[in-house]
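Read off the chains here:
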Amino acid sequence: MPKSKSSKSKPAQYNNNNRSLQELLHTLLTRLSDSSEVVKSWPESDGTDNSIHAETTTKLIRSIEKVVDAIKLVEEKVNPNLGDDGNGGSGGGGMSVDNVPSAT
């Protein structure tokens, strides 16, 4: 009886691709968690000094930008054709970091 092909010949690349996707998803979840922590630890102000809110808003915007970047990397990993829109974007028509208003 001939030996059946082992599933180990294909999974090396498959596992490598999965590992990369898993790492990208882990990064995305970490960045989402970081953004959540910024919101959870939003400081109180006495109403006279709004600079603390401006600083925290800037942190949150930067954190959201990192989340968007991580989402784009996951999208490109899952569907490599997304980056082929000719405009340097994700091609998904979704949220763009360029559209996030500046906190300054």
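A quick note: this is a predicted structure, and the numbers were derived from the prediction, not measured.

## As for the pattern of salt bridges
Taken as a whole and judged by the stated rule, the model has two salt bridges. Ionic pairing is found between glutamate 65 and arginine 62, a salt bridge with its closest N-O pair at 3.2 Å. With a gap of three residues between them, glutamate 65 and arginine 62 both fall in helix 2 (residues 51-78), about one helical turn apart. Glutamate 65 gets classed as buried once you look at its relative accessible area, which sits at 16%. A residue is classified by how much of its surface remains accessible, and arginine 62, at 41% relative accessible area, is partly exposed.

## Notes on the environment of isoleucine 61
Structurally, isoleucine 61 is set in helix 2. Assessed through its relative accessible area of 14%, isoleucine 61 is described here as buried. As for isoleucine 61 and serine 35, which are separated by 26 residues in sequence, their C-alpha atoms are 8.7 Å apart.

## What about the confidence of the model for the protein?
Averaged over every residue, the pLDDT of the protein is 76; residues scoring 70 or more account for 60%. In the model, residues 6-10 has pLDDT below 50 throughout and makes zero contacts with residues more than four positions away in sequence or in other chains. For residues 90-104, every residue scores under 50 in pLDDT, and the model assigns this stretch 20 contacts once sequence neighbours within four places are set aside.

## Here we look at helix 2
With 28 residues, helix 2 extends 41 Å from end C-alpha to end C-alpha; this agrees with the ideal 40 Å at 1.5 Å per step. Turning to helix 2, its buried residues number three or more, namely Thr56, Leu60, Ile61, Ser63, Glu65, Val67, Val68, Ala70 and Val74.

## Describing the side chain of serine 63
Position of serine 63 among the secondary structure elements: in helix 2. Given the relative accessible area of 10%, serine 63 is considered buried. At a separation of 2.4 Å, a polar atom in the side chain of serine 63 contacts the side chain of serine 35. Sequence-distant contacts of serine 63, that is, excluding residues within four places in its chain, are made with Arg31, Asp34 and Ser35.

Definitions and cut-offs
- Residues numbered from 1 in each chain as written.
- Predicted model: local features only at pLDDT ≥ 70, side-chain atom pairs only at ≥ 80, totals over all residues.
- Heavy atoms only, no water.
- Salt bridge = Lys/Arg side-chain N within 4 Å of Asp/Glu carboxyl O.
- Helix = DSSP H or I, 4+ residues; strand = E, 2+ residues; numbered from the N terminus.
- Buried < 20%, exposed > 50% of the residue type's maximum accessible area, 1.4 Å probe, protein only.
- pLDDT = per-residue confidence, 0-100.
- Contact = heavy atoms within 4.5 Å.
- Expected span 1.5 Å × (residues − 1).
- Polar contact = N/O pair within 3.5 Å; in protein donor to acceptor, adjacent residues only side chain to side chain.

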